[in-house]
Amino acid sequence: MDRLPAATSLSRALLTLSRSSATGVLDVVASGVERGPSRARVSVVAGTPRAIALSEPDGDSLGDLLVASGALRVASALGIEAALGGEHSAMRPVGEWLVASGLVSQRDVETALTLQLRRRLMRLFAFRDADYRFTAGTPEVGVPLIDAPVNVSELVLGAMREALSDESPTQLRRRLGEELLELTPLGEQMLEEAALDPSELAMVSLLRASACQVESVLAASNGSLRALRTLASLKLVRAVAPR
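Just so we're clear, the structure is a prediction, and the values are computed from it rather than from any experiment.

Undergrad: Tell me about the sheet that holds strand β2 (residues 39-45), and name the residues and values.
TA: Overall, antiparallel pairing links the four strands, which are arranged β3-β2-β1-β4 in an open sheet. The open sheet is flanked by β3 (48-54) and β4 (130-136), the only strands paired with a single partner. Across this sheet, the average inter-strand angle for adjacent strands is 20 degrees, counted without regard to direction. Across six bridges, the pairing between β2 and β3 is antiparallel.

Undergrad: Before we move on, could you go through the sheet that holds strand β7 (residues 240-242) and cite the residues and values that matter?
TA: Spatially, β6-β5-β7 is the arrangement adopted by the three strands of the open sheet, whose pairing is antiparallel. The open sheet has two edge strands with one neighbour each: β6 (212-213) and β7. Relative to β7, strand β5 (residues 180-183) runs antiparallel, the two being bridged by three bridges. Bridge pairing in β7 places Glu182 opposite Ala241.

Undergrad: Outline the side chain of Thr184, supporting the account with residue identities and numerical values.
TA: Relative to the helices and strands, Thr184 resides in the loop between β5 and α9 (185-193). Overall, the relative accessible area of 16% leaves Thr184 in the buried class.

Undergrad: Would you mind going over the pattern of salt bridges in detail, with residue names and values included?
TA: Throughout the structure, instances matching the rule amount to 13 salt bridges. The salt bridge partner of Arg120 is Asp58, with a shortest N-O separation of 3.0 Å. With Arg120 in helix α6 (residues 106-125) and Asp58 in the loop between β3 and α2 (62-69), this residue pair connects regions lying 62 residues apart in the sequence. The same class applies to Arg120 as to Asp58, namely buried. As a salt-bridge pair, Glu179 and Lys235 come within 3.9 Å of each other at their nearest N and O atoms. Taken as a pair, Glu179 in the loop between α8 (169-176) and β5 and Lys235 in helix α12 (residues 225-236) lie far apart in primary sequence, 56 residues in all.

Undergrad: Explain the side chain of Ser221 to me, using residue names and the numbers behind them.
TA: Along the chain, Ser221 turns up in the loop between α11 (214-220) and α12. A distance of 2.6 Å separates the side chain of Ser221 from the backbone oxygen of Leu218, its partner in a polar contact. Beyond its immediate chain neighbours, meaning those up to four positions away, Ser221 contacts Ser199, Met203 and Ala227.

Undergrad: A description of the environment of Leu180 should follow, citing residues and the corresponding values.
TA: Following the sequence through the fold, Leu180 ends up in strand β5. Along the chain, Leu180 and Cys212 lie 32 residues apart, while their C-alpha atoms are 5.1 Å from each other.

Undergrad: Give a description of helix α7 (residues 152-163) that names residues and reports values.
TA: A rise of 1.5 Å per residue sets the reference length of α7, with its twelve residues, at 16 Å; its end C-alpha atoms lie 16 Å apart and thus fit the reference within 8%. α7 sits mainly inside the fold: nine of its twelve residues count as buried. Listed in full, the buried residues belonging to α7 are Val152, Ser153, Leu155, Val156, Leu157, Ala159, Met160, Arg161 and Ala163. Looking at the buried side of α7, the elements it contacts are α1 (4-20), β3, α6, α9, α10 (198-209) and α12.

Parameters and conventions
Residue numbers run consecutively from 1 along every chain, following the written order of its sequence. At least 70 in pLDDT is required for a residue's local features to be given in this predicted model, at least 80 for side-chain atom pairs to be given and counted, and no such filter applies to totals for whole chains, interfaces and linings, which use all residues. The side-chain numbers reported here are obtained from all heavy atoms of the structure, hydrogens and water having been left aside. Strands are labelled as partners when DSSP assigns at least two bridges between them. Where helices and strands are cited, they refer to DSSP runs of H or I of at least four residues and of E of at least two residues respectively, numbered from the N terminus. Orientation is described by axes fitted as lines to C-alpha atoms, over the contacting stretch for helices, and by angles from 0 to 180 degrees between their N-to-C directions. Relative accessibility decides the category of a residue: with a 1.4 Å probe and only protein chains considered, values under 20% of the type maximum give buried, values over 50% give exposed, and everything between is partly exposed. Salt bridge, as used here, is a side-chain nitrogen of Lys or Arg placed within 4 Å of a carboxyl oxygen of Asp or Glu. The term polar contact refers here to a pair of N or O atoms within 3.5 Å; inside protein, the definition further demands a hydrogen-donor-capable atom paired with an acceptor-capable atom, and it admits residues adjacent in sequence only when both atoms are side-chain atoms. Should any heavy atoms of two residues lie within 4.5 Å, those residues are counted as being in contact. One fewer than the residue count of a helix, multiplied by 1.5 Å, yields its expected span.

As structure tokens, then:
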């Protein structure tokens, strides 16, 4: 089954939450998942994801990531579960306990949690069919929240490019149609926040100036496949639209 519809729906959901600066929990439930997590709860604070709890282990637990980075020794990691059963640690998050015990630094924990969030978000984009429901309120999902928000626009563009990676240039070009394209207010916001390469910047400069023919926009990118995927992504999430 094509993963693009689900990736597009998730992108629109995240961008909508970002624009509204919403706080709460986004529930993601996938169907037809044979292996791995099929449900996720995304903590959203002021419009940006800050943590994700999955229905099943994914190999990206805080301990796994700290060991993989070299911040935590394997021998120490093996003793964590037993240690966390003690009276003094029962009410403390794992990362907080590790820092207090001198096993890792606070920066190590923050770096690992940020990586965990990004990897889990990309896992959600790989779902092939999913339903989304946002509940405003407390963003608690049982996983520590990262302090620094992720760049939602950059994350969405990267995920959408990846979702389109199996399509040929001809298929991508067909998605764009023949109409004049112009940036929407969402597109203006996304392109202000996302990191773009020179081919994409050349393409975007035309779109910012006025509505343009698709061929003119693509010509400005000098035939870049990345820019073609970016433009198709922008249209799918309604960041550019026919005039």
